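As a plain string of letters, each chain reads:
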Protein chains: 2
Amino acid sequence: MTTTREFELLDSAWAEVSPPAARRMLIAAAAAFAGKGYHATTTRDIAALAGMSPAAVYIHYRTKEDLLFQISRIGHTTSLAVLTGVPDADPVTRLATAVAAFARWHAEHHTTARVVQYELAALTGPHLEQVRVLRRRIEGVLRRMVLDGVRAGVFEAPDVPGATLAVLSLCIDVARWYQPGGRRTPEDIGALYADLVLRMLHAETPQAR
Amino acid sequence: MTTTREFELLDSAWAEVSPPAARRMLIAAAAAFAGKGYHATTTRDIAALAGMSPAAVYIHYRTKEDLLFQISRIGHTTSLAVLTGVPDADPVTRLATAVAAFARWHAEHHTTARVVQYELAALTGPHLEQVRVLRRRIEGVLRRMVLDGVRAGVFEAPDVPGATLAVLSLCIDVARWYQPGGRRTPEDIGALYADLVLRMLHAETPQAR
DNA sequence: CTCCATACTAAGCGGTTGCTTAGAACTAAG
DNA sequence: CTTAGTTCTAAGCAACCGCTTAGTATGGAG
């Protein structure tokens, strides 16, 4: 129960989910899906983690897949907000800040991020389509940032879509390898990746971090 | 059946598996695991894909997890061989060739690579430990290449383990996003990534390549 | 031919799965 | 107090899971 409460306090993104029992169920499902994978998780696992009976899942969610979809939808929306919420600045600072925040999010919320990035195949047709729209928007935002820098002459990238792909891929993969007890904090990872990405684009690192 | 035969011809790494029926079973399992995930794949799926009865699985493999382990073991060994098989050269050329080959392998063999990279959690204790040894070796080989360049003064990396992590992560994640029908061929991806990695390490791109 | 090992299938067993049903406990309005 | 609506549980159903068992077909050795 302590774990669940910590989750709620840390993760303001779940605040919109109500009633509280439905939120607890979502958080339990996200933890279970992230730890064992969607298909290896049973509805009984989720209910037990949420401290309720197996049937309670179906009061708030139509199916197990609906639970996955809500996690995926909220997760994608939140990570998109992290990218777009970066303050306006020159292209170099802007991309550096965005990469740092995006990579950091994938570490800090690696539980949600793992579901977001690695359980897409378990979504049903219409739900998958809805999530794909969000994913295209995320890539679009990042590509625009790279393109702005290239146009301003501060980035050097012979292949803009390719560079965007690499940057996105780098950040996403944090969710796979990150471990909470590890050597690097989410902040460290954000700083490291911002630096590496600027080097990748042959940009001068600004003295303002 | 045509698909299975194509697989066999393309993938020489499976050659060591015998008898042929056991090889067909492994290839069918790899395809199924990559497509739907280990837990979503039933032993009946695998048998059907291999064109045999469900019970035939257990003639050649003790459990479903043993099938996964064999795929993972061979996959890890092969990808390690791809890295170590790079011809000796100056540090810049050597790392560039290795990254190109490693990234390319993850695209070309994205079916196997997906099982290798994303189904580790489904391995049982001793099998997981065995695979972890191979994974540490892969990271070690790559780190050594980065370190050699830093020591020779041709790479600039304030954080060698961090840079190694990023390079490895970049290549591994190819298995997640690569699609056979896509715009980029495995060769394209290898070339793109070799270039991006050299930039990341502030190295001058050699004219060869 | 017999003998025997290998490779396979048909059938099915015990256990687990996602999900449903029937009803209990609680809350709040009239 | 009654009533209605909501949230939960106990019990269980049909389908499906990994895996086993019993038996058949094949082919090589003697």
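Parameters and conventions
Residues numbered from 1 in each chain as written. Chains lettered and ligands numbered in written order. Predicted model: local features only at pLDDT ≥ 70, side-chain atom pairs only at ≥ 80, totals over all residues. Heavy atoms only, no water. Near = heavy atom within 4 Å. Polar contact = N/O pair within 3.5 Å; in protein donor to acceptor, adjacent residues only side chain to side chain. Nonpolar A, V, L, I, M, F, W, Y, C, P; charged D, E, K, R; others polar. Least-squares fit on C-alpha atoms with pLDDT ≥ 70 in both. Contact = heavy atoms within 4.5 Å. Domains from an automatic or database assignment. Buried area = accessible area lost by both parts, 1.4 Å probe. Salt bridge = Lys/Arg side-chain N within 4 Å of Asp/Glu carboxyl O. Helix = DSSP H or I, 4+ residues; strand = E, 2+ residues; numbered from the N terminus. Buried < 20%, exposed > 50% of the residue type's maximum accessible area, 1.4 Å probe, protein only. Expected span 1.5 Å × (residues − 1).

A word on the protein's contact with DNA strand D
Near DNA strand D lie 16 residues; those nearest to it are Ser53, Ile59 and His60 of chain A together with Thr42 and Tyr58 of chain B. Sugar and phosphate atoms represent 53% of those atoms of DNA strand D found within 4 Å of the protein. Separating a base oxygen of DNA strand D from a side-chain N or O atom of Arg44 of chain A is a distance of 3.5 Å. A distance of 2.9 Å is found between a phosphate oxygen of DNA strand D and a backbone nitrogen or oxygen belonging to Thr43 of chain B. Taken together, the residues of the surface near DNA strand D break down into seven nonpolar, six polar and three charged.

Focus on the relation of the copies chain B and chain A
Mapping chain B onto chain A is achieved by rotating through 180° and translating by 0.0 Å along the same axis, at an RMSD of 0.0 Å. Such a turn and shift between the copies fits a two-fold axis. Relative to the rotation axis, the closest C-alpha in chain B is found at Met200 of chain B, a distance of 2.2 Å. Interface overlap between copies: 100% of the residues of chain B at the interface are likewise at the interface in chain A, consistent with a symmetric, same-surface contact.

Quick look at the domain arrangement of chain A
Residue and element names in this part refer to chain A. For chain A, the assigned domains are domain 1 (4-62) and domain 2 (66-200). Once you take the C-alpha centre of each, domain 1 and domain 2 turn out to be 25 Å apart. By the criterion of area lost to domain 2, the three top residues of domain 1 are Trp14, Ala34 and Tyr38, representing 30% of everything that side buries. Counting across the domain 1 and domain 2 interface gives zero salt bridges. The tally of links between domain 1 and domain 2 comes to two residue pairs in polar contact (both at pLDDT 80 or more). In terms of residues, the side of domain 1 that touches domain 2 owes the most to one element, helix H2 (residues 20-36), which gives six residues. For the side of domain 1 that touches domain 2, the class distribution of residues is 14 nonpolar, two polar and three charged.

Quick notes on the protein's contact with DNA strand C
DNA strand C sits among 16 residues. The nearest are Thr42, Tyr58 and Lys64 of chain A together with Ser53 and His60 of chain B. Counting only the atoms of DNA strand C within 4 Å of the protein, the fraction contributed by sugar and phosphate is 55%. Between DNA strand C and the protein, one listed contact pairs a phosphate oxygen with a backbone N or O atom of Thr43 of chain A at 2.9 Å. With respect to DNA strand C, the side chain of Lys64 of chain A contributes an N or O atom lying 2.8 Å from a phosphate oxygen. Elements that contribute at least two residues to the surface near DNA strand C include exactly helix H3 (43-49) of chain A together with helix H4 (57-60) of chain B.

Brief notes about the environment of Glu65 of chain A
All names here are of chain A. Here Glu65 is to be found in helix H5 (residues 64-84). Under the relative-accessibility criterion, Glu65 is labelled buried at 10%. C-alpha of Glu65 to C-alpha of His127: the two residues are 62 residues apart in sequence and 9.3 Å apart in space. Setting aside anything within four residues of it in sequence, one finds Glu65 in contact with Tyr38, Ala122, Leu123, Thr124 and His127. Separated by 2.9 Å, the side chains of Glu65 and His127 make a polar contact.

Topic: helix H2 (residues 20-36) of chain B
Residues and elements named next belong to chain B. In this model, H2 (17 residues) spans 24 Å end to end at C-alpha, consistent with the 24 Å of a helix rising 1.5 Å per residue. Of all 17 residues making up H2, twelve are buried, and the element is well covered by its neighbours. Taken together, the buried positions of H2 are Ala21, Ala22, Arg23, Met25, Leu26, Ile27, Ala28, Ala29, Ala30, Ala32, Phe33 and Ala34. Just downstream of H2, Gly37 is the residue with a positive phi angle, here 90°.

Section: the interface of chain B and chain A
Opposite the 26 residues of chain B that make contact, chain A presents 26 residues. Interface area for chain B against chain A, summed over the two sides, is near 2,500 Å², with a carbon-plus-sulfur share of 60%. In terms of surface lost to chain A, no three residues of chain B exceed Arg176, Arg199 and Met200 of chain B, which account for 24% of the buried area on that side. Linking chain B with chain A are four salt bridges. With a shortest N-O distance of 3.6 Å, Arg199 of chain A and Glu156 of chain B are connected by a salt bridge. Across the chain B-chain A interface, the total number found is six residue pairs in polar contact (both at pLDDT 80 or more). Breaking the side of chain B that touches chain A down by element, the ones donating at least two residues are helix H7 (110-118), helix H9 (160-172), helix H10 (174-177) and helix H11 (186-200) of chain B.

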